[in-house]
Amino acid sequence: MLNELTNRKTDLKNKSEEYKNKRNELNLEASKCATKRNDLNKRTKDLIDEAQQLKKQRDENNQQVSEAKLKRDELNEQANKVYAEIDKIRKDLNLGDGPSLKELKREIDRLEFKQQTEVLTPTSERELVDSIAKMTDELKRRKQQLEGSSELKSLLEKAQSLRDEAAVHHNKVKEYAEAAQQYHDKMIVIFKDADKVRAESDEAHKEFVKAQEAADEQHRLFIQSQKEIRELNKVIIGLKRKTKESKEESIREKTKKEAEEVYNQFKLGEKLNTEDLMLLQRSGLL
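A word on the overall build of the chain
Consideration 1: Counting its secondary structure elements, the chain contains five helices and zero strands.
Consideration 2: Its helices and strands taken in sequence order, the chain reads α-α-α-α-α from the N to the C terminus.
Consideration 3: Summarising the internal contacts of the chain: among those between residues at least 6 apart in sequence, 79% fall at separations of at least 24.
Consideration 4: Total accessible area on the chain stands at roughly 20,200 Å², and carbon and sulfur atoms take up 49% of it.

Digging into the packing of aromatic side chains
Consideration 1: Scanning the entire structure with this criterion turns up zero aromatic pairs.
Consideration 2: The ring of Phe222 has Arg23 sitting right over it, with the charged end atom 5.1 Å from the ring centre.
Consideration 3: Directly above the ring of Phe208 sits Arg37, whose terminal nitrogen or CZ lies 4.8 Å from the centroid.

Section: helix 2 (residues 101–117)
Consideration 1: In this model helix 2 runs 24 Å from its N-terminal to its C-terminal C-alpha over 17 residues, within 8% of the 24 Å that 1.5 Å per residue would give.
Consideration 2: Among all positions in helix 2, only Leu101, Leu104, Ile108 and Leu111 are buried. The buried residues of helix 2 occupy an angular sector of 95° when projected down its axis, which confines them to one face. Among the exposed residues of helix 2, those pointing more than 90 degrees away from its buried face are Arg106 and Phe113.

Some details on the environment of Asp185
Consideration 1: Within the element layout of this structure, Asp185 appears in helix 4 (residues 150–267).
Consideration 2: Sequence separation between Asp185 and Leu54 is 131 residues, and the spatial gap between their C-alpha atoms is 9.3 Å.

Some words on the pattern of salt bridges
Consideration 1: Tallied over the full model, the rule gives 12 salt bridges.
Consideration 2: Put simply, Asp59 and Arg58 hold a salt bridge, and the shortest N to O gap is 2.9 Å.
Consideration 3: A relative accessible area of 33% places Asp59 in the partly exposed class.
Consideration 4: Judged by its relative accessible area of 15%, Arg58 falls in the buried class.
Consideration 5: Where Asp109 meets Lys105, a salt bridge forms, and the shortest distance between an N and an O atom there is 2.9 Å. Residue Asp109 and its partner Lys105 are both found in helix 2; the two are separated by four residues, about one turn of the helix.
Consideration 6: Take Lys105: its relative accessible area is 36%, and that puts it in the partly exposed class.
Consideration 7: Connected through shared salt-bridge partners, Lys55, Arg58 and Asp59 make up one network.

So, a negative patch on the surface
Consideration 1: A contiguous patch of negative charge on the surface is contributed by Glu29, Asp202, Glu203 and Glu207.
Consideration 2: It is helix 4 that contributes the most residues to the negative patch, three residues altogether.
Consideration 3: Topologically, Asp202 is positioned in helix 4.
Consideration 4: Judged by its relative accessible area of 42%, Asp202 is partly exposed.

Regarding the nonpolar core
Consideration 1: Of all hydrophobic cores here, the largest spans 19 residues; its most connected members are Val82, Ile86 and Leu101.
Consideration 2: Mapped onto this core, the elements with two or more residues apiece are helix 1 (2–92), helix 2, helix 3 (122–146) and helix 4.
Consideration 3: If you look at the next biggest cluster of nonpolar residues, it comprises nine residues, including Ala51, Met187, Ile190 and Ala194.

Comments concerning the confidence of the model for the chain
Consideration 1: The pLDDT averaged across the chain works out to 85; a share of 84% of its residues lies at or above 70.
Consideration 2: Within the chain, helix 5 (residues 274–283) has the poorest average pLDDT of any element, 66, and helix 1 the best, 92.

Notes on the side chain of Gln218
Consideration 1: Following the sequence through the fold, Gln218 ends up in helix 4.
Consideration 2: Take Gln218: its relative accessible area is 17%, and that puts it in the buried class.
Consideration 3: Excluding anything up to four places from it in sequence, Gln218 contacts Tyr19, Lys22, Arg23 and Leu26.

Quick look at the environment of Glu60
Consideration 1: Secondary-structure assignment places Glu60 in helix 1.
Consideration 2: Residue Glu60 is classed as partly exposed on the basis of its relative accessible area of 44%.
Consideration 3: Through-space distance from the C-alpha of Glu60 to that of Ala179 is 9.9 Å; in sequence the pair is 119 residues apart.

Criteria and thresholds
- Residues numbered from 1 in each chain as written.
- Predicted model: local features only at pLDDT ≥ 70, side-chain atom pairs only at ≥ 80, totals over all residues.
- Heavy atoms only, no water.
- Helix = DSSP H or I, 4+ residues; strand = E, 2+ residues; numbered from the N terminus.
- Contact = heavy atoms within 4.5 Å.
- Areas by Shrake-Rupley, 256 points an atom, 1.4 Å probe, with all protein chains shown as cover.
- Phe/Tyr/Trp six-rings, centres within 6.5 Å; stacked < 30°, edge-to-face > 60°.
- Lys NZ or Arg CZ within 6 Å of the ring centre and 35° of its normal.
- Expected span 1.5 Å × (residues − 1).
- Buried < 20%, exposed > 50% of the residue type's maximum accessible area, 1.4 Å probe, protein only.
- Arc of directions from axis to C-beta.
- Salt bridge = Lys/Arg side-chain N within 4 Å of Asp/Glu carboxyl O.
- Patch = residues over 30% accessible without salt bridge, like charges linked within 9 Å, V, L, I, M, F, W, Y side chains within 5 Å.
- Lys, Arg positive; Asp, Glu negative; His and termini not counted.
- Charge placed at Lys NZ, Arg CZ, Asp CG, Glu CD.
- Core = buried A, V, L, I, M, F, W, Y, C linked by side-chain atoms within 4.5 Å.
- pLDDT = per-residue confidence, 0-100.

Structure below.
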């Protein structure tokens, strides 16, 4: 039984060492996964911070768009009121029938936009160019008529000044809108990059948890084997103590029996040698 327990203890020591080595390997793997995960998390945070900064710049430009639009529309509204005054005076002075200067200018702008944005046949484009030229000439003629009046001339200059200022703000609208779109596009790209890096981080975390749980299991087995070894040690020590005591008891019994035989021979008158005397002394018979 002592041999079986000793063999069992040896096996447990070997397994315990294996558990410890495997645990250490898995802990190292878990540490690498944790480092990778932390690096990816930092990269994700940096990307999100960058995207948030772009979002802020986009929103600032969108705010500028709103403000420029508001200013542009206010100026156009003021210009429209001035043109309304001009048309009223023009009618009062009988300076010609037909569309007002504002309507004429609006139609010219519409036709010019059509020419710039639509695909036309050569014939259609020539007709459109002719129409624009005729309307432009008519607009100039009307303005010349109106400029004969100092009041109308002043109103025309005021209206044109308002239109020019409105055009400046309209250009700002386009400028800010383009900038806002650029910031928005960059922000979307970076947010997508952040999502990809976050997915990699999540995967690294899963690998970390997997390795850590496996390391914990190997540690549990290591602790369990160490506990079994300690329990076996107690049993083995106890068995060895009992074996030793049994052996010593056997020796004492043997010595006592031999001493009694020598003592009996001594009583019968036989001479004792030194070893016999020592034996009697050890056994307590002398």
